[in-house]
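These are the residues of each chain, in order.
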Amino acid sequence: MTLNTVEQRSNRTDILEVGDAALLVDFRGQGNALNSVHQLCEYLLANRPMWLLDVTPGIDSLLVCLDFQSLEYERVRLAARADLQFAIKKILSSKKSQSKHERVYRIRVCYDPEIAPDLLSSAKKCKLTVREFINRHKNSKTFVDILGFMPGFAYCSGLDPSLRLPRLETPRTAVPPGSIAIAELQTGLYPQSTPGGWNVIGRTPDILFDALRDPPNLLSAGARVEFIEINLDEYKKIQASLEKKNLGIEKRPHDVDNTIEVLSPGLLSTVQDLPRYGYAHLALSPGGPVDLEGAVLANALIGNPSNAVGLEITGIGPRLHFHVDTWVAWVGGNFEVKIDDKSICGNRPIRITRGQTLSFASIRQGYRVFLAIAGGIKVQSVLGRGGSHLSSGIGKKPLQKGEFLRLSQPQHSDQMPLLKSVVDSGMISTKWSIAPPVALTQKNQFIHAIPSLHFNLLGAQEQELLWKTIWTVSPQSNRMGMRLNSNFKINSSISGIASQGICFGTVQLPPSGQPILMLSEHQTTGGYPRLLEVVRSERSKLAQMRPGDKFQFIKTPLDVADATNTLYFTNQIKTLNNIKSALLGNL
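Everything numeric here is computed off the predicted structure, so don't read it as measured data. Residues take numbers from 1 onward in each chain, read along the sequence in its written order. Given that this is a predicted model, residues contribute local features only at a pLDDT of at least 70 and side-chain atom pairs are listed and counted only at 80 or more, while totals for whole chains, interfaces and linings are drawn from all residues. Based on all heavy atoms of the structure, the side-chain values leave hydrogens and waters out of the count.

This part takes up the overall build of the protein. Helix and strand content of the protein: 10 helices and 31 strands. The C-alpha atoms of the protein give 25 Å as radius of gyration, which agrees with the globular expectation for 587 residues (25 Å, within 12%). Dimensions along the principal axes, computed over C-alpha positions, put the protein at roughly 80 × 55 × 50 Å. Relative to its full complement of 587 residues, the protein shows a buried share of 57%. A helix here means a DSSP run of H or I that spans at least four residues, while a strand means a run of E at least two residues long, and both kinds are numbered starting from the N terminus. For this measure, only C-alpha atoms enter the radius of gyration; the expected value for a globule follows 2.2 Å times N^0.38, where N is the number of residues. Buried residues are those whose accessible area, probed at 1.4 Å on protein chains only, stays under 20% of the maximum for their type, while exposed residues exceed 50% and partly exposed ones sit between those limits.

It is possible for side chains bearing opposite charge to pair when their charged atoms get close. A carboxyl oxygen of Asp or Glu within 4 Å of a side-chain nitrogen of Lys or Arg is what we treat as a salt bridge. Under the counting rule described, the total for this entry stands at 22 salt bridges. Between R28 and D26 there is a salt bridge, with its nearest N and O atoms 2.9 Å apart. What makes R28 partly exposed here is its relative accessible area of 28%. Where R354 meets D257, a salt bridge forms, and the shortest distance between an N and an O atom there is 2.7 Å. Here R354, found in the loop between strand 20 (350-352) and strand 21 (357-373), pairs with D257, found in the loop between helix 5 (232-242) and strand 14 (259-264); they are 97 residues apart in sequence, far enough to count as distant. Judged by relative accessible area, which is 33%, D257 ranks as partly exposed.

To continue, consider the sheet that holds strand 30 (residues 530-534). Each strand in a sheet pairs with its neighbour through backbone hydrogen bonds, running either in the same direction (parallel) or in the opposite one (antiparallel). Two strands are counted as paired when DSSP detects at least two bridges linking them. Judged by pairing direction, the barrel is mixed, and its seven strands sit side by side in the order 23-30-27-28-25-24-31 before closing back on the first. Within this sheet the neighbouring strands show an average axis-to-axis angle of 40 degrees, counted without direction. The pairing of strand 23 (residues 444-451) with strand 31 (residues 550-555) spans six bridges and is parallel. Residue H448 lies in a different strand from strand 31, and its bridge partner there is I554. Geometry is summarised by axes, namely lines fitted to C-alpha atoms with helices restricted to the contacting stretch, and by angles between N-to-C directions that run from 0 to 180 degrees.

On to the sheet that holds strand 3 (residues 52-57), then. With antiparallel pairing, four strands are arranged side by side in an open sheet as 1-2-4-3. Looking at the sheet topology across the chains shown, the edges are occupied by strand 1 (14-18) and strand 3. For this sheet, the mean angle separating the axes of adjacent strands, direction not counted, is 20 degrees. Bridging between strand 1 and strand 2 (residues 22-26) involves five bridges; their strand directions are antiparallel. For L16, the partnering residue across the bridge sits in strand 2 and is L24.

Attention shifts here to the side chain of E403. Relative to the helices and strands, E403 resides in the loop between strand 21 and strand 22 (404-406). As used in this structure description, the phrase polar contact means that two N or O atoms lie within 3.5 Å; if the pair is within protein, one of them must be able to donate a hydrogen and the other to accept it, and residues adjacent in sequence are counted only when both atoms belong to side chains. Among the polar contacts listed, one links the side chain of E403 to the backbone nitrogen of Q400, at a separation of 3.1 Å.

Once that is clear, we can look at the pairing of strand 21. Along strand 21, 13 of the 17 residues are buried, which leaves the element largely enclosed by surrounding structure. Where strand 16 (residues 310-314) meets strand 21, four bridges bridge the pair, whose relative direction is antiparallel. Its bridge partner lying in strand 21, E312 is registered against F370. Sheet analysis places strand 17 (residues 319-322) next to strand 21, joined by three bridges and oriented antiparallel. Counted as the bridge partner of H321 is T357 from strand 21.

Moving on, we come to the packing of aromatic side chains. When two rings of Phe, Tyr or Trp (its six-membered ring) have centres within 6.5 Å they constitute a pair, described as stacked for plane angles under 30 degrees, edge-to-face for angles over 60, and tilted for the intermediate range. Scanning the entire structure with this criterion turns up 14 aromatic pairs. Taking 4.9 Å as the distance between ring centres and 65 degrees as the angle between the ring planes, the aromatic pair formed by F153 and Y155 counts as edge-to-face. You can call F153 buried: its relative accessible area is 1%. The buried category is assigned to Y155, whose relative accessible area is 3%. Between Y155 and W198 the ring centres are 5.6 Å apart and the planes differ by 70 degrees, which places this aromatic pair in the edge-to-face class. Of this pair, Y155 sits in strand 7 (residues 154-157) while W198 sits in the loop between strand 11 (194-196) and strand 12 (199-203), placing them 43 residues apart in sequence.

Another aspect to go through is the layout of surface pockets. Buried and open spaces are told apart on a 1 Å grid over the protein atoms alone, a cavity being a set of points where a 1.4 Å probe fits but cannot get out and a pocket being an open set with protein on both sides within 12 Å along at least five of seven lines. Residues with an atom within 4 Å of a point are the lining residues. Grid points are joined across faces, edges and corners, and a volume is the space filled by probe spheres set on the points. Approximately 1000 Å³ is the volume found for the second largest pocket. Those elements giving two or more residues to the lining of the second largest pocket turn out to be strand 3, strand 4 (61-66), helix 6 (292-301) and helix 10 (558-583). Sorting elements by how many residues they give to the lining of the second largest pocket places helix 10 first, with four residues. Here the nonpolar group is Ala, Val, Leu, Ile, Met, Phe, Trp, Tyr, Cys and Pro; Asp, Glu, Lys and Arg are the charged ones; every other residue, Gly included, is treated as polar. When grouped by side-chain class, the residues that make up the lining of the second largest pocket number 22 nonpolar, nine polar and six charged.

Further remarks concern the packing of helix 1 (residues 33-47) against helix 2 (residues 73-93). Relative orientation of the contacting elements helix 1 and helix 2 amounts to 125 degrees, with a least axis distance of 10 Å. By the angle class used here, helix 1 and helix 2 are oblique. In terms of crossing hand, the pair formed by helix 1 and helix 2 is right-handed. The segment helix 1 lies against helix 2, with S36, Q39, L40, Y43 and L44 engaging L84, F86, A87, I88, K90, I91 and L92. When grouped by side-chain class, the residues that make up the contact of helix 1 with helix 2 number nine nonpolar, two polar and one charged. An angle counts as roughly parallel when it lies under 35 degrees, as roughly antiparallel when it exceeds 145, as roughly perpendicular when it falls between 65 and 115, and as oblique in every other case. By convention, the crossing between two helices is left-handed when the near helix turns anticlockwise from the far helix through less than a right angle, and right-handed when the turn is clockwise. Residue contacts are counted whenever heavy atoms from the two residues lie within 4.5 Å of one another.

A separate point is helix 2. Side chains that are three or four residues apart share a direction in an α-helix, a result of its 3.6 residues per turn. The terminal C-alpha atoms of helix 2, which comprises 21 residues, lie 30 Å apart, in line with the 30 Å expected from a rise of 1.5 Å per residue. Looking at helix 2, one finds that the buried residues are Y73, V76, R77, A80, L84, A87, I88 and I91. Looking straight down helix 2, one finds that the buried residues subtend no more than 105 degrees of arc, so they occupy a single side. Residues of helix 2 that are exposed and angled more than 90 degrees away from the buried face: L78, F86, K89 and S93. Lining the buried residues of helix 2 we find strand 1, strand 2, helix 1, strand 4 and helix 10. Working rule for helices: expected span equals 1.5 Å times residues minus one. The directions considered for the arc run from the helix axis to the C-beta atoms.

Following this line, the structure appears as structure tokens:
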């Protein structure tokens, strides 16, 4: 595959469109790009314009995600551009410079092949002995440039040039927590187990991210990092002493009133509420339900606020025994669901009584469903939300057998006139139901996407092939991202780009030629070329695609994407308004 050269800019700052929901401020033309990135980020966070949803610093760029509180997409983009141009001019005209912090972080590192899988091969590629390689790494003048990828992950500059190595051709599906890795001229520190494509040369037992700590990140941008070498025995001893005790399952409480008992957890059932927007600058992606629209509808069906905590069920669902009378609703994929031994359809409010068991069995269509429960599940709020962010270790772990979920206000829905009349009439559900956000009725799906910033790295033939390719969802997919299999291959290596912010729907292309499509718990930054940005209104469709499903990308201009989004979200708003009126007895 032939690749075009990335255009170089000098003495310019560009504001680039990224799909239909973000802008990217490109500071590559500035002498001190990283300084400008951090100044603009600080300015936006301090002023919080109405259009700002989230902001993610990159090495030489700033990703700005837009908040479309109305459906006037172009108006919001124009307002954001105007405000950004004003802020950029102010920053570049000022003489303020961001100096390196005086604070020095000393990070303990064990360089041992037993826990550093790429140490020996990396030393060999650099034509150094292992000892020479280790000494050059720990003696590098290392500074934290940005926090990105995931909470606690630090991109550090200053690596000895003799240690320069490319990213792995195929990213690992799981890099161990605490890994110290290198790529190009950077060192990265992995706080959690996550997919990653850097060369792992060491491990630290130090806790890089703790959501309950203030600040949650151990490292901060601009600070100096010193790597203190420890041996394998020291590493294991320190790690054991620092290891957090696993949060135990809530065993059967003395009072089981207002609880749900997990008889079986299913494939992957997680506690979720709305996304945590506003923390991308700390390398925390929003998370939340993969099918956000489905979750909002499920909560609306029983009169819950949109931020009520419920369960996102993936694949084979759980069996849940209720120790309380309450209302439930589920929206999303088409699952076979039973209350005790009686099948029941979803997409409507359903009364469930104490002693009954709700079971999600086989999937007929789709992959995920959101289960809302009256009043929501009672959980600890972390960084403003109660939902789990698995890749960052925030919130409850996936459901486990024998666990008890305590409900906040299980009688919350009883106040709704319609639901009260349903109970009074001896029924367990309404006669009507709503349509889910999407229904995958075709064998091969079509996903609308907008060419992204690096699409033109591909030649004309490769671009045409990309649109024609039928992609298959890989089993190696999760809440972070969807790996895509196909016959689309590259024949020549692709150089990495300077790490920049990415978002839900970004399609990155690693050197292997197997794209990765970002989902709700996506990493916040990435160094692989971004080829496409999936249109916002297609996210619910992505949520319902399971391993083995096939689809094709459809090239979509921005104006068409806006029109598609307007229709989709207008229908969503109408459905929510109709549900509210029905519950109040006005329909």
